[in-house]
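Observations on chain architecture
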Amino acid sequence: MTSDSELGEIHAFLAAHPPFSRLSAQALGSLVRHTEVSYYRRGSTVTTAGDDNRFLSVVRSGAVELKLGGTDLNARLGEGESFGYPSLIRGGPAQNEVIALEDTLLYRVEKQAFLDQRRADSDFRAFFDTDEAGRLRRALEGSRRMAAGDASEALGAHGPIGSLNRRREVVTAPPAMPIAEAAKLMAEHDVSTLPIADGDMLVGIVTDKDLRRRVLAPGIDTALPLSEIMTEHPITAVEDTPVLTALVMMAERHIHHLPVTDTSGALVSVISSNDILARLGSNSLLIAKEISSASSDIEVARACSLLPGAVTGLVSAGVDADHVSRYVSTIGESAHRRILRLAEEELGPPPVPYALVCFGSLARAEQALGSDQDNGFIFPEGHQKAGRLPYFEQMAKRLTDGLDGAGYRYCPGEIMATNRLYRQSVPQWEMRFFQWIGQPDPDAILQSTIFFDMRCLAGDHSLVDELRRDVFAAASVNKIFLSFVARAAATTRVPLGFFRNFLLQDDAKEGQVLDLKTQAIAPIVDIARLHALANATPATNTLERLRAAGDAGSLDADAARDLAAAFEFVRDVRLRHQAQQVEAGEAPTNKLPPASLSRFDREHLRDAFKMIRDQLDKARSKYAGGVT
Amino acid sequence: MIEWLLPGRERRLKRKFEQAAALAPEGPLRDYYAAGLPAFSLPVSGLEMMAIDLETDGLDFEQSAILEAGVVLTRINAIPAHGAHRIRIRPSDALSPSSVIVHRITDDALVDAMNEEEALALLLPLLAGKPLVAHFADIEAGFLDAACRRVYGTPFVAPFICTMSLENRWFPRTRAADGLRLAKLRAGYRLPAYTAHDGLTDALACAELLMAQIAHHGCTALTLGDLVRR
C-alpha cells in the first residue's frame with residue numbers, strides 16, 4: 001500500500017484546531033490512523049452518562065450538547081471542539097450524556113492513542129487538563145506573553161528604538177584613550193556609559209560601574225588605555241529593533257544601557273532603560289503629574305482624557321490586569337483629590353472636618369475604564385446637620401461636576417455627595433448600614449453591597465476607618481444578614497460558556513452579549529466581600545480579601561488562589577477588550593459580543609465561569625445553608 | 001410492499017456472480033470470488049462494506065484509464081481511518097491534460113504507481129466478500145469490470161450500493177439538475193465540504209453520506225438487500 005493512504009480531510013481538519021494544530025505531522029498522523037468517523041442524526045444520543053467511553057470526540061460538523069448526569073446542561077460544543085476526555089483520563093464511566101443538537105459528524109480518536117499522545121506531550125496534556133484552575137493559571141501567563149509579543153508589532157509606544165529621543169550627539173572614545181581622560185570626558189558630557197569606537201566600529205563599552213569596579217576598587221593605573229578595562233563586543237541592537245524587544249534584551253542581561261547601531265553596524269546612539277520606561281509609561285507618568293498640578297477642573301479633565309490611551313499602552317505592553325487597575329484607580333483617586341482641593345481653594349476651608357469617601361471599584365482599587373462615580377461625605381459624630389450646610393452642598397456639586405467632566409460620569413443611582421443621604425455624620429451613616437444589616441431584604445442587599453467597599457480619598461481618614469470597623473463588626477456576627485448577602489451573590493447568572501457566537505446560560509438560553517462586569521467580575525467581588533464581612537476583614541481590595549479569607553480559613557486555600565486567578569483572567573480580558581475599543585475610537589465598556597473573543601479566551605473564560613459558579617454555590621451553602 | 005422481489009434480485013446477482021467466478025482464471029480475481037457474495041438478508045448493523053471511488057482520465061470504460069482507487073472500510077456506525085487505502089495506477093499512455101487539472105494527478109506523481117495488473121492484485125482482496133459503496137456506482141462497476149476483462153479476460157461482479165440511487169429511492173423529491181451530486185447531497189445532511197476529486201476523500205465522503213442516509217432513514221432493521229442497487 002502506498003503511504004498516502006491517510007485520510008487527508010481528517011488530518012487537515014485536526015491540524016487546523018488546537019491542540020492538534022501544535023502536533024508534529026508524525027504525531028498527528030498517528031492519531032489520525034486511530035480515528036474513526038461517526039454520524040449522528042439530530043436528537044440522537046452519542047454517549048449515555050454512566051457508559052464506558054472509548055473515544056476523544058471532536059465535532060467535525062454540527063453540534064452536541066453535554067448534560068451532566070443526563071440532566072444539568074453543561075456545555076454545547078460546535079465545530080472543532082472536543083469532548084469525552086475527562087472519562088478517558090479518569091478511567092471511569094462518562095459523566096455527561098451527549099446528544100446531537102444538530103446532524104453531527106464526529107471524528108473520534110481511540111482512547112489508547114489519545115492517552116499515548118497525552119503521555120508523550122506536555123502541551124497536549126495541559127490542553128486536556130481536567131483541572132480548570134491549573135489551566136487558567138497557565139492561560140494567564142500565556143496571555144501576558146502574547147500581549148507582550150503582539151505589542152512588538154504595534155506602533156506608537158511600541159515603535160523601534162531608533163525613534164527614542166536622543167538628547168545629544170553620542171559621545172565615544174577610542175580604545176587607546178587613557179582611563180583618566182575617559183572619566184573626564186564622561187563627567188564633562190554627563191554620561192554614565194561610554195561606547196569605545198575604533199573609527200565607526202563599536203569595539204567595547206565602559207560604564208560608571210566599570211570605573212568603580214575595575215579601576216578604583218582594584219587601584220588600577222588610570223594612565224592605562226580604555227582597552228584594558230572595557231567590556232569587549234557589547235550587546236547591541238539595530239535601530240529598527242522594537243522598543244519592547246530592546247527592553248527584554250536589557251532585562252535578560254541585567255544591563256541598563258544598550259548601544260544602538262544602524263544596519264551597517266555603525267554606532268548611532270546609546271539608549272538607557274530609563275529612556276524605554278519613559279516611552280512605555282510616558283502617558284502614565286505624565287497624567288498623574290498633570291493632575292496634581294492642574295489649576296482647574298478643565299486641566300484635570302484634559303489629563304484624564306489621556307487615561308484610555310495610557311491604559312491601551314500598558315495593556316499592549318503586557319502589564320497585568322491588577323497593575324493596570326491599580327494604576328487606573330490611582331488616577332481616579334488623584335482626580336478626586338485634585339478637584340476637591342480646587343473646590344476648597346475656592347470655597348474656603350471647611351467649616352467642619354470631613355472625609356471624602358468613595359465606594360465600589362475605586363474603593364477596591366479595581367477601576368477599569370468607563371467607571372462612574374460613587375462618593376459621599378462623612379462628618380464626625382456631633383455634626384449631624386453638617387450635610388445641610390451650603391458649603392458642603394456646593395462642595396459636592398463642584399466635586400461631582402468636576403468628576404463628570406473628567407470622565408467619571410454621574411452615578412445613575414445617585415450614590416454621590418450631591419445626594420443629602422450621602423452627606424452624613426458617622427452615626428447617621430452607621431444607622432443606615434445597621435438598617436441594611438439588621439433588617440435585610442433581598443432588594444436592599446443588591447443595592448447596598450457596594451457601600452461595603454469604602455475607602456477614604458481625602459480628609460479625615462479616621463472617620464472612614466471608624467465607620468468600616470463598626471459596620472463590619474456588626475455584619476460579621478449577623479448570620480441572617482450574611483445569608484442574604486450569600487444568596488444575593490448566588491443569584492448572579494454566571495454563564496456556562498459559549499456556543500458558537502453565543503453566550504450559553506444554564507437554562508439553555510443563548511445570549512448575544514457577555515457583560516464581563518456583572519457576569520464574571522462582580523460575582524468574584526461578591527464572594528470576596530462576603531468573606532470579608534464574615535471575618536470583619538479590613539481589606540477592601542478583592543485580591544487582598546481573598547488572601548485574607550484563605551489565611552483565615554473561611555475559604556480554602558485552593559479556592560482563594562483559584563478565584564484570584566479567575567479574577568485576574570476575566571479582568572485581563574476586559575482590559576484587552578477596552579484597549580481595543582479605545583484603539584477603534586469607541587467608548588470603553590464592559591460588554592462584548594462573544595464572537596469577538598478568541599478561542600483561547602472563550603475556553604479559559606469557560607473555566608473561569610465554572611470556578612465562579614462552584615464558589616458561589618459553596619459560599620451559599622456555607623453562609624445560607626444551601627437553601628435558596 | 002415489494003419485498004417479494006428481493007429474493008429474485010439476489011438470485012439474479014448470485015447467478016451472475018457464480019458465472020463470473022467460474023470463468024475467472026486462477027489468481028486475484030478467482031480469490032475474490034472465492035470469498036463469496038454476502039447474503040442480502042444480513043442486517044446492516046455490523047455489516048462491513050467498502051466504499052470505493054475511482055479517479056479516471058475519461059468516462060469511457062474501455063478507453064479511459066483508472067489513475068487512482070480510493071477505498072474506505074465502512075460500518076454504519078463508524079468509519080475507521082486505518083481501513084482507508086489509496087492505490088495509484090500508472091496508465092499505459094501519458095495523461096490527458098484535462099484529467100491532470102481535474103484530479104491533480106500528474107505524470108510525476110504516478111512514477112511510483114503500479115500497473116493495472118499489480119493494482120488489481122492489491123485492490124481485489126480489499127473488496128472480497130464485501131458490498132461496495134459508491135456514488136453513482138455504475139461508473140465504479142463499469143471501470144472495474146473493464147479492468148478485469150483487460151487483465152483477466154473475465155467480468156467483475158459485486159453487490160453495489162449506490163448512494164445516489166439510494167437517495168432517490170428513499171427520499172424522492174424534485175431536485176435541481178445537479179441536485180444528486182455528492183457535495184450537494186452531503187450538504188443536505190450537514191456533512192462538511194470536502195475536497196472533491198481525490199479518490200480517497202471521495203470514498204470517505206461517500207461512506208459518510210451512506211451513514212447519514214441510513215441515520216435519516218431511521219429504520220433499525222435494514223438489511224443489505226434494502227441497500228443494494230436495483
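Residues numbered from 1 in each chain as written. Chains lettered and ligands numbered in written order. Predicted model: local features only at pLDDT ≥ 70, side-chain atom pairs only at ≥ 80, totals over all residues. Heavy atoms only, no water.

Between chain A and chain B, the residue contacts involve 23 residues of the former and 30 residues of the latter. Buried surface at the junction of chain A and chain B, both sides included, amounts to about 2,300 Å², of which 56% is carbon and sulfur. Counting across the interface, chain A meets chain B through 1 salt bridge. The salt bridge involving arginine 190 of chain B is made with glutamate 102 of chain A; its shortest N-O contact spans 3.4 Å. If you list the elements that add at least two residues to the side of chain A that touches chain B, you get helix H1 (8-15), helix H2 (25-33), strand S1 (35-40), strand S3 (55-61) and strand S8 (104-110) of chain A. No other element matches the 5 residues that S1 of chain A contributes to the side of chain A that touches chain B. Tallied by class, the residues present in the side of chain A that touches chain B amount to 8 nonpolar, 5 polar and 10 charged. Inspection of the sheet shows S1 of chain A paired to strand S3 (residues 79-80) of chain B by 2 bridges, in the antiparallel sense. Counted as the bridge partner of valine 37 of chain A is isoleucine 79 of chain B from S3 of chain B. (Contact = heavy atoms within 4.5 Å. Buried area = accessible area lost by both parts, 1.4 Å probe. Salt bridge = Lys/Arg side-chain N within 4 Å of Asp/Glu carboxyl O. Helix = DSSP H or I, 4+ residues; strand = E, 2+ residues; numbered from the N terminus. Nonpolar A, V, L, I, M, F, W, Y, C, P; charged D, E, K, R; others polar. Pairing = 2+ DSSP bridges.)

Before going further, it helps to spend a moment on the packing of helix H18 (residues 461-476) of chain A against helix H20 (residues 516-535) of chain A. Residue and element names in this part refer to chain A. At their nearest, the axes of H18 and H20 sit 6 Å apart, and the two run at 90 degrees to each other. Classed by the angle they form, the pair H18 and H20 counts as roughly perpendicular. Taken together, the residues of H20 that come into contact with H18 (itself represented by Phe472, Ala475 and Ser476) are Ala532, Leu533 and Ala534. (Axes fitted to C-alpha atoms, helices over the stretch in contact; angles between N-to-C directions. Parallel < 35°, antiparallel > 145°, perpendicular 65-115°, else oblique.)

Our next topic: the side chain of arginine 576 of chain A. Mapped onto the elements of the fold, arginine 576 of chain A is located in helix H22 (residues 557-583). Polar contacts involving the side chain of arginine 576 of chain A include one to the side chain of aspartate 601 of chain A, which spans 3.0 Å. (Polar contact = N/O pair within 3.5 Å; in protein donor to acceptor, adjacent residues only side chain to side chain.)

Residue and element names in this part refer to chain A. Here we have 3 strands laid out as an open sheet, ordered S12-S13-S14, and mixed in their pairing. Only two strands of the sheet have a single neighbouring strand rather than two, namely strand S12 (237-238) and strand S14 (267-272). Where S12 and strand S13 (residues 257-261) come together, 2 bridges link them in parallel fashion. Each residue of the ladder has a partner; that of alanine 237, found in S13, is valine 260.

Once that is clear, we can look at the UniProt feature "domain: Cyclic nucleotide-binding" (unreviewed entry) in chain A. The UniProt record annotates "domain: Cyclic nucleotide-binding" (unreviewed entry) at residues 19-114 of chain A. Split by type, residues 19-114 of chain A is 20% helix and 43% strand. Its first and last C-alpha atoms lie 12 Å apart. (UniProt positions renumbered as here; feature names shortened; annotations may be inferred.)

Right, let's talk about the state of the cysteines for a bit. Scanning the entire structure with this criterion turns up 0 disulfides over all chains. No disulfide involves cysteine 358 of chain A; its sulfur sits 8.5 Å from that of cysteine 456 of chain A, the nearest cysteine. (Disulfide = S-S within 2.5 Å.)

Residue and element names in this part refer to chain A. Pairing geometry for S13 and S14, over 5 bridges, is antiparallel. By the bridge assignment for S14, leucine 258 is matched with isoleucine 271. Linkage of S13 to S14, two consecutive antiparallel strands, is achieved through a turn of 5 residues, within which glycine 265 is found at a positive phi near 95 degrees.

Grouped burial of nonpolar side chains is what soluble globular proteins tend to show. Ranked by size, the top nonpolar core spans 100 residues in total, and within it Phe20 of chain A together with Tyr32, Ile52, Leu127 and Phe156 of chain B carry the most contacts. Of all the elements, helix H8 (residues 199-217) of chain B adds the most residues to this core, at 11 residues. Those residues in contact with phenylalanine 156 of chain B that lie beyond four places of it in its chain are Leu29, Tyr32, Tyr33, Leu124, Leu127, Leu132, Leu144, Asp145 and Cys148 of chain B. (Core = buried A, V, L, I, M, F, W, Y, C linked by side-chain atoms within 4.5 Å. Buried < 20%, exposed > 50% of the residue type's maximum accessible area, 1.4 Å probe, protein only.)

A separate point is the sheet that holds strand S7 (residues 96-100) of chain A. One key point about sheets: their strands pair by backbone hydrogen bonds, in either a parallel or an antiparallel sense. Residue and element names in this part refer to chain A. Pairing is antiparallel in the open sheet, where 4 strands are placed in the order S2-S7-S4-S5. Looking at which strands have only one partner, the edges of the open sheet turn out to be strand S2 (45-47) and strand S5 (72-77). On average, each strand axis in the sheet is tilted by 30 degrees relative to the strand beside it, whichever way the strands run.

The next subject is the domain arrangement of chain A. Residues and elements named next belong to chain A. We note that the domain assignment places domain 1 (8-130), domain 2 (167-279), domain 3 (281-477) and domain 4 (486-623) within chain A. In this complex, domain 3 contributes 29 residues to the contact, which on the side of domain 4 involves 27 residues. Of the roughly 2,300 Å² buried between domain 3 and domain 4 on both sides combined, carbon and sulfur atoms contribute 59%. The tally of links between domain 3 and domain 4 comes to 4 salt bridges. With a shortest N-O distance of 3.0 Å, arginine 571 and aspartate 322 are connected by a salt bridge. At the boundary of domain 3 and domain 4, one finds 11 residue pairs in polar contact (both at pLDDT 80 or more). Contributing elements (two or more residues each) for the side of domain 3 that touches domain 4: helix H13 (307-316), helix H14 (321-347), helix H17 (442-448) and H18. (Domains from an automatic or database assignment.)

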